[in-house]
Amino acid sequence: MNFQVSPLSEALGVRIDGFDFAADLSRSEREKLTALWLEHGMLLIRGANANPQTQIGFSKLFGELEAHPLKTIRSGDYPELMELNSEDSRTNPVAVWDGEEWVGRLGWHKDLIYTAKPNRGAILRAVKLPEVDGQTGYADQAKAYDALSDEMKARIDSMKVVYRFEVNLYNMPFLDTSGYIAGPGAPQKPADVGFPDFPDSRYPLVLTHPETGRKILNICPMFLECIDGLDKAESDALLHELVAHVTRPEFAYLHAWQEGDMILWDNWRFMHSAPGVKPGAKRLIHRTTILGDVVLGEAIA
């Protein structure tokens, strides 16, 4: 297959054009894709024959897939596919941000960071798109680490960070909710959305990527709780400083989707976000999740 590789943005990522998702890839082509993913952490792939079957097949090139634990958001025909549907009010309650109503807005997070074993990665495919809005943000925590001062790197090198599972945004102390007003369907506790109460998880604040060895600033605003062993005032001050750093725009990319786009990202290295859509907008994204076989943190009993 003769696909073309180019930079996705000045900040991060790689764009692949001319791809045929239905084609049988040679060993060298599979190895090239894996190498690109490991080096850059995020791939936008555009080409022919993007559909549920080929998304599942393409996703399996990068590891074993995981079905989402909530059956209500799985595709009825393909259990490996998770459906992110803006019209599903059960998973997308309306909320107010800065005086406007939005559906499906999520702050910066890493999937399953509140467990000791985040998934390895994921692929999103654009199925149905609104005329405006509906982008997805990605941010590179490895580049964020590289940009820290030597003094900060030395200070945080041996620290541990704690993440806590929450569904109420007001209970996430490092997520900016200053312009947020919860809507009537906003969950208050995990059981409201069918989740158990996960124990807290503790990680190295500076995470070493298990496959590439790159250093990662393991900080994202959602689910972030504290630095283990520091008093609250010192922990809060340092975490606010690190959150401000890791969310700087030079480490981020906001993707405006085209129908059929697939984006693969490294969930160990990248965090992501969703600005959302306006109520009534039709947006459907199919997601496949790649399991991780490495435990990156530890559950705190």
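About the cut-offs
- Residues numbered from 1 in each chain as written.
- Predicted model: local features only at pLDDT ≥ 70, side-chain atom pairs only at ≥ 80, totals over all residues.
- Heavy atoms only, no water.
- Pairing = 2+ DSSP bridges.
- Helix = DSSP H or I, 4+ residues; strand = E, 2+ residues; numbered from the N terminus.
- Axes fitted to C-alpha atoms, helices over the stretch in contact; angles between N-to-C directions.
- Buried < 20%, exposed > 50% of the residue type's maximum accessible area, 1.4 Å probe, protein only.
- Salt bridge = Lys/Arg side-chain N within 4 Å of Asp/Glu carboxyl O.
- Polar contact = N/O pair within 3.5 Å; in protein donor to acceptor, adjacent residues only side chain to side chain.
- Contact = heavy atoms within 4.5 Å.
- Core = buried A, V, L, I, M, F, W, Y, C linked by side-chain atoms within 4.5 Å.
- Phe/Tyr/Trp six-rings, centres within 6.5 Å; stacked < 30°, edge-to-face > 60°.

It is not clear to me how the sheet that holds strand β11 (residues 160-163) should be interpreted in this structure. Could you clarify?
Neighbouring strands of a sheet are bound in pairs by backbone hydrogen bonds; such pairs are parallel or else antiparallel. The strand order β16-β11-β13-β21 describes an open sheet built from 4 strands, whose pairing is antiparallel. For this open sheet the edge positions go to β16 (224-227) and β21 (298-300), each flanked by a neighbour on one side alone. Sheet twist, expressed as the mean angle between neighbouring strand axes with direction ignored, is 35 degrees. Pairing analysis gives 3 bridges linking β11 to β16, with the strands arranged antiparallel. In the sheet register, Val161 faces β16, and the bridge partner there is Ile227.

Just checking my understanding: could you explain the pairing of strand β9 (residues 121-128) for this structure?
As a general feature of sheets, a regular strand has side chains that alternate between the two faces. Most of β9 is tucked away: 6 of the 8 residues are buried. Inspection of the sheet shows β9 paired to strand β18 (residues 262-266) by 5 bridges, in the antiparallel sense. Pairing of Arg125 across the sheet is with Met262, part of β18.

Before we go on, may I ask you to explain the pattern of salt bridges in this structure?
For side chains of opposite charge, pairing can occur when their charged atoms come near one another. In this structure the tally under the stated criterion is 17 salt bridges. Salt bridges sharing common partners tie together Arg120, Glu211 and Asp266.

Looking at this structure, I do not really get the side chain of His109. What am I missing?
Considering the arrangement of structural elements, one finds His109 in strand β8 (residues 106-109). For His109, a relative accessible area of 9% gives the class buried. Within the structure, the side chain of His109 is placed 2.8 Å from the backbone oxygen of Gly107, a separation counted as a polar contact. Excluding anything up to four places from it in sequence, His109 contacts Cys220, Met222, Phe223, Met271 and His272.

What should I look at first to understand the nonpolar core in this one?
The nonpolar side chains of a soluble globular protein tend to be buried with one another. Among the nonpolar cores identified, the biggest contains 46 residues, and Ile156, Tyr163, Leu205, Leu217, Ile219 and Leu242 are the most heavily contacted of them. Of all the elements in the fold, those that place two or more residues in this core are β6 (94-97), α3 (141-146), α4 (150-156), β11, β14 (206-208), β15 (215-217), β16 and α5 (232-246). Excluding its chain neighbours within four sequence positions, the residues that come into contact with Tyr163 are Ile113, Tyr114, Asp200, Ser201, Tyr203, Asn218, Ile219, Cys220, Met222, Phe223, Leu224 and Glu225. Residues Phe21, Leu36, Ile45 and Ile56 belong to the second largest nonpolar core, which totals 20 residues.

Looking at this structure, how should I read the packing of aromatic side chains?
If you walk through the whole model with that rule in mind, you get 15 aromatic pairs. Measuring from centroid to centroid gives 5.4 Å for Phe3 and Phe19, while their planes differ by 50 degrees, and the two rings are tilted. Within this pair, whereas Phe3 is found in the segment before β1 (4-7), its partner Phe19 is found in strand β2 (residues 14-20), the two being separated by 16 residues in sequence. Like Phe19, Phe3 is buried. Measuring from ring centre to ring centre gives 5.3 Å for Trp37 and Phe62, while their planes differ by 75 degrees; the resulting arrangement is edge-to-face. Here Trp37 is found in helix α1 (residues 27-40), whereas its partner Phe62 is found in the loop between α2 (52-59) and β4 (65-66), with 25 residues between them in sequence. Taking the relative accessible area as the measure of exposure, Trp37 reaches 2% and is therefore buried. Among the residues examined, Phe62 registers a relative accessible area of 11% and is labelled buried. Among the aromatic residues, ring-to-ring pairing joins Phe3, Phe19, Phe21, Trp37, Phe58 and Phe62 into one connected group.

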